[in-house]
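Now for the letters of each chain:
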Amino acid sequence: MPLQLLTSPPAASGSGRASASYFLFWYSHSRCHHRAQGVSHTLSLSRSSSSQCIYFIFATSDDRILLGPVFCRRLLSFCPASRGGCAQWRPIRPEPWSRAPSPRRPAPLSGGKQALISLSDKSDLAFLGKGLQDLGYTIVSTGGTASALEKAGVSVVKVEEVTKFPEMLDGRVKTLHPSIHGGILARRDHNHHMEALEKHGISTFDIVVVNLYPFYEKVTSTGGVSFEDGIENIDIGGPTMIRAAAKNHKDVLVVVDHKDYPELLQFLQGKQDGEQFRRKLAWKAFQHVAAYDSAVSEWLWRQSAGGEKFPPALTVPLTRISTLRYGENPHQKASVYADDSLSVVNAGGIATAIQHHGKEMSYNNYLDADAAWNCVSEFRSPTCVVVKHTNPCGVASRADILEAYRLAVRADPVSAFGGIVAFNTEVDEDLAREIREFRSPTDGETRMFYEIVVAPGYTEKGLEVLRGKSKTLRILEAKKVEKGMLSLRQVGGGWLAQESDDLVPEEIDFKVVSEKQPQEGELRDAEFAWLCVKHVKSNAIVIAKNNCMLGMGSGQPNRLESLRIAFRKAGQEAQGAALASDAFFPFAWKDAVEEACESGIGVIAEPGGSIRDQDAIDCCNKYGVSLLFTNVRHFRH
């Protein structure tokens, strides 16, 4: 760009002195520096005698707005050509700052519109950049974002041209500068704010589009990262700009999600309500930063806690998956959220399950599906679990999954109707057809109806067959829940946190305390019943035989009543079966233990720990029943 004259020479004053004039020049790019060096020669050819104050300014401009500080400021004296010489301009002294106002970028009132864009995730960046450019915005950007915009044909002013300061400290300092944050935080309705910008040559930003270093992805990647690498992926400048823009959302639009770009452009075209849209973006910005800080905090706690699972303070980042039709009851509103904590990344579970078919999930559907999936995932052999109101009413393990399904339904067909069916194996065409066509054992005619089928996978044909069962049948594909999760539960005014109940029979010592030793089959039955009972609401009793639940009693205020319900469901099949109790029996004689023995139970598994344990042992010895103590309780409230 050629040299441009910005100010006219003022009138000369004084008597007997050469006239003095002041000129202000600027260049659009540092590459024009060499041109400034030739200015004195240019002027020497155009004037014979005078003193000139020449100001050179390094600047970047889009012909509407002048950017940048003074780059060269010297007082030059014109010397006429001497004999055999040539005219020239010589610096005689520094120009006092009072002689002429310092040139600065125009304040926001000049009409220039600016957007600051700095992104790690560059999804839809070209769409945004072109949209803003078409609307007349000057785009200021950083490093990789600037390069991506330029490749897309979008004009960009690099942030270092605004700050007049290079990126430093391996990229740790880029945007942490008054020229950036002053332009973001200044309130347009406060005159003293605008005067401060004018004084320091700072222009306002109208839009800030920022997302953050991929810390979350880095520290959860396969193999993890070193501590040093994790630290370097903690964003500092990004959150600072986001928070500044969100605080000043009345004047600055802040965007942290590429899904909001279309709505942003519509707003700028005057197609959106102003105040509410700005507040929505500000909320989203603070939430974005809060979730990011939560991940950093969780990660640092892991690095410093020495294995302690319960930090003094805990933040759980949640992202809404969907708004549900209603909660447990129609008068209650509800939503479902995904847990974005580092500890549950790729940890499986129903909240992140894939729904292949059917009606939208309800609040109760999620609870029941979660109970069914957690239960079936604990079995190693091919297993089917049927759940109603979060309690397993049928469980069976067999090498043939079709047989397991039939047995699980037969355990309590009345409860199974309208329940949730879960498998720990892939559902193929044969199993899908059995699910679709199976008739209720109660009458042999009514097709079984289910709310949900959940499994770790489906064959293409299996999905096709299941979809044909019902338009409303929800078909979920879920991943097994990992062990070691933190379990949270809300109470009035706070939350309870505990380790998840991950113990399985293989990790428990089934200690024989009776005179009668259980046979191998009876021990396997006791282990199966024990694994089932941990998923039944307390007080819980399960009767099982040959890897099949025969009956269960749940949720009763006293254990004896739960036991009677379980026997009523098991019927004559309870003879020689195993019985598991989630907690110890407080009484034995003329109570639950003796009643179980009189009903023909072959083996009982319970935690032990009662002051009357010896009564239970003596009762089992009297009736010739094996008694096993596990020293592990499985309460479920």
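The structure displayed is predicted, hence computed values, not measured ones. (Residues numbered from 1 in each chain as written. Predicted model: local features only at pLDDT ≥ 70, side-chain atom pairs only at ≥ 80, totals over all residues. Heavy atoms only, no water.)

**Here we look at the overall build of the protein chain**
Within the protein chain, the regular secondary structure consists of 21 helices and 28 strands. As presented, the protein chain carries roughly 31,600 Å² of accessible surface, and 50% of it is formed by carbon and sulfur atoms. (Helix = DSSP H or I, 4+ residues; strand = E, 2+ residues; numbered from the N terminus. Areas by Shrake-Rupley, 256 points an atom, 1.4 Å probe, with all protein chains shown as cover.)

**Things to note about the confidence of the model for the protein chain**
Caution is warranted with low-pLDDT regions, since their predicted coordinates should not be read in detail. A residue-level look at the protein chain finds 82% of positions with pLDDT of 70 or above and a mean pLDDT of 81. Low pLDDT, under 50, characterises residues 1-111; the predicted model gives this stretch 187 contacts beyond four residues in sequence or across chains. (pLDDT = per-residue confidence, 0-100. Contact = heavy atoms within 4.5 Å.)

**Let's talk about the nonpolar core**
Core analysis: the largest hydrophobic core is formed by 51 residues, its most contacted members being Ile 117, Leu 132 and Ile 184. No other element matches the nine residues that helix α12 (residues 274-304) contributes to this core. Apart from the residues within four sequence positions on either side, Leu 132 is in contact with Ala 115, Ile 117, Tyr 137, Ile 139, Ile 207, Leu 265 and Leu 268. Val 336, Leu 476, Ala 540 and Val 542 belong to the second largest nonpolar core, which has 45 residues in total. (Core = buried A, V, L, I, M, F, W, Y, C linked by side-chain atoms within 4.5 Å. Buried < 20%, exposed > 50% of the residue type's maximum accessible area, 1.4 Å probe, protein only.)

**As for the layout of surface pockets**
Considered as a void within the structure, the second largest pocket measures approximately 1,200 Å³ in volume. As for the second largest pocket, its lining consists of 29 residues, of which Asp 257, His 288, Ala 291, Thr 319 and Asp 340 are closest to the centre. If you list the elements that add at least two residues to the lining of the second largest pocket, you get α8 (215-219), α12 and β13 (318-324). Residue contributions to the lining of the second largest pocket peak at eight residues, all from α12. Tallied by class, residues from the lining of the second largest pocket come to 13 nonpolar, six polar and 10 charged. (1 Å grid on protein atoms, 1.4 Å probe; cavity = no way out; pocket = protein on both sides within 12 Å on 5 of 7 lines; lining within 4 Å. Points joined across faces, edges and corners; volume = space filled by probe spheres on them. Nonpolar A, V, L, I, M, F, W, Y, C, P; charged D, E, K, R; others polar.)

**Concerning helix α19 (residues 559-570)**
Counted at 1.5 Å a residue, the expected span for α19 with its 12 residues is 16 Å, and the 17 Å between its end C-alpha atoms agrees. Check the buried side of α19 and you find it contacts β24 (541-544), β25 (549-553), β26 (578-581) and α20 (592-598). You can read the cap of α19 off the contacts: a side-chain oxygen lies 3.3 Å from the backbone nitrogen of Leu 560, and it is on Asn 558. Gly 571 lies just past α19 and shows a positive phi near 65 degrees. (Expected span 1.5 Å × (residues − 1). Polar contact = N/O pair within 3.5 Å; in protein donor to acceptor, adjacent residues only side chain to side chain.)

**Quick look at the sheet that holds strand β10 (residues 157-158)**
Spatial ordering of the open sheet is given by β10-β9-β8-β11-β12, a layout of five strands whose pairing is parallel. Unpaired on one side and paired on the other, β10 and β12 (253-255) mark the two borders of the sheet. Sheet topology note: the strand β8 (residues 113-118)/strand β9 (residues 137-141) ladder contains five bridges and is parallel. By the bridge assignment for β9, Leu 116 is matched with Val 140. Helix-sheet contacts for helix α11 (residues 261-268) involve β9, β11 (207-210) and β12, and the interaxial angle to β12 is about 165 degrees. (Pairing = 2+ DSSP bridges. Axes fitted to C-alpha atoms, helices over the stretch in contact; angles between N-to-C directions.)

**As for the environment of Gly 358**
Positionally, Gly 358 belongs in the loop between β15 (354-357) and α13 (363-376). Classification of Gly 358 as partly exposed rests on a relative accessible area of 31%. Taking the C-alpha atoms as reference, Gly 358 lies 9.3 Å from Leu 476; in sequence the two are 118 residues apart. Excluding its chain neighbours within four sequence positions, the residues that come into contact with Gly 358 are Lys 471, Thr 472, Leu 473 and Arg 474.

**Regarding the sheet that holds strand β16 (residues 383-388)**
Picture the strands of a sheet paired through backbone hydrogen bonds; they go either parallel or antiparallel. Pairing in this open sheet of six strands is mixed, and the strands run β15-β20-β19-β18-β16-β17 from one edge to the other. Edge positions in the open sheet fall to β15 and β17 (391-397), since each of these has one partner strand only. Each neighbouring strand pair of the sheet contributes to a mean axis angle of 20 degrees, computed without reference to strand direction. Relative to β17, β16 is paired through six bridges, and the arrangement is antiparallel. From the neighbouring strand, Thr 383 faces β17, where its bridge partner is Ser 397. Across the sheet, helix α14 (residues 401-410) lies against β16, β17, β18 (419-423) and β19 (450-455), angled at about 25 degrees from β16, the strand it touches most.

**Let's talk about helix α3 (residues 125-134)**
Among the residues of α3, Leu 125, Leu 128, Gly 129, Gly 131 and Leu 132 are the ones counted as buried. Buried residues of α3 fall within an arc of 165 degrees about the axis and therefore sit on the same side. Phi for Gly 136, located one or two positions after α3, is positive at around 90 degrees. (Arc of directions from axis to C-beta.)

**Quick word on the packing of helix α6 (residues 178-185) against helix α10 (residues 237-247)**
Look at α6 against α10: their axes get within 8 Å of each other, and the N-to-C directions meet at 25 degrees. By the angle class used here, α6 and α10 are roughly parallel. Pair α6 / α10 crosses with right-handed handedness. Facing Ile 180, His 181, Ile 184 and Leu 185 of α6, the residues of α10 in contact are Thr 240, Met 241, Ala 244 and Ala 245. Tallied by class, the residues present in the contact of α6 with α10 amount to six nonpolar, two polar and no charged. (Parallel < 35°, antiparallel > 145°, perpendicular 65-115°, else oblique. Left-handed = near helix turned anticlockwise from the far one by under 90°.)

**Re the packing of aromatic side chains**
Under the counting rule described, the total for this entry stands at 10 aromatic pairs. When the ring of Tyr 405 is compared with that of Phe 423, the centres are 6.1 Å apart and the planes differ by 45 degrees; the resulting orientation is tilted. One end of the pair, Tyr 405, is in helix α14; the other, Phe 423, is in strand β18, with 18 residues separating them in the sequence. For the pair Tyr 405 and Phe 423, one class covers both residues: buried. Aromatic side chains Tyr 405 and Phe 438 sit 5.4 Å apart centroid to centroid with 65 degrees between the ring planes, which places their arrangement in the edge-to-face category. One end of the pair, Tyr 405, is in helix α14; the other, Phe 438, is in the loop between α16 (429-437) and β19, and 33 residues separate them in sequence. This pair shows no difference in class: Tyr 405 is buried, exactly as Phe 438 is. Among the aromatic residues, ring-to-ring pairing joins Phe 215, Phe 227, Tyr 292 and Trp 299 into one connected group. Over the ring of Tyr 137 we find Lys 113; its NZ or CZ atom is 4.6 Å from the centre of that ring. (Phe/Tyr/Trp six-rings, centres within 6.5 Å; stacked < 30°, edge-to-face > 60°. Lys NZ or Arg CZ within 6 Å of the ring centre and 35° of its normal.)

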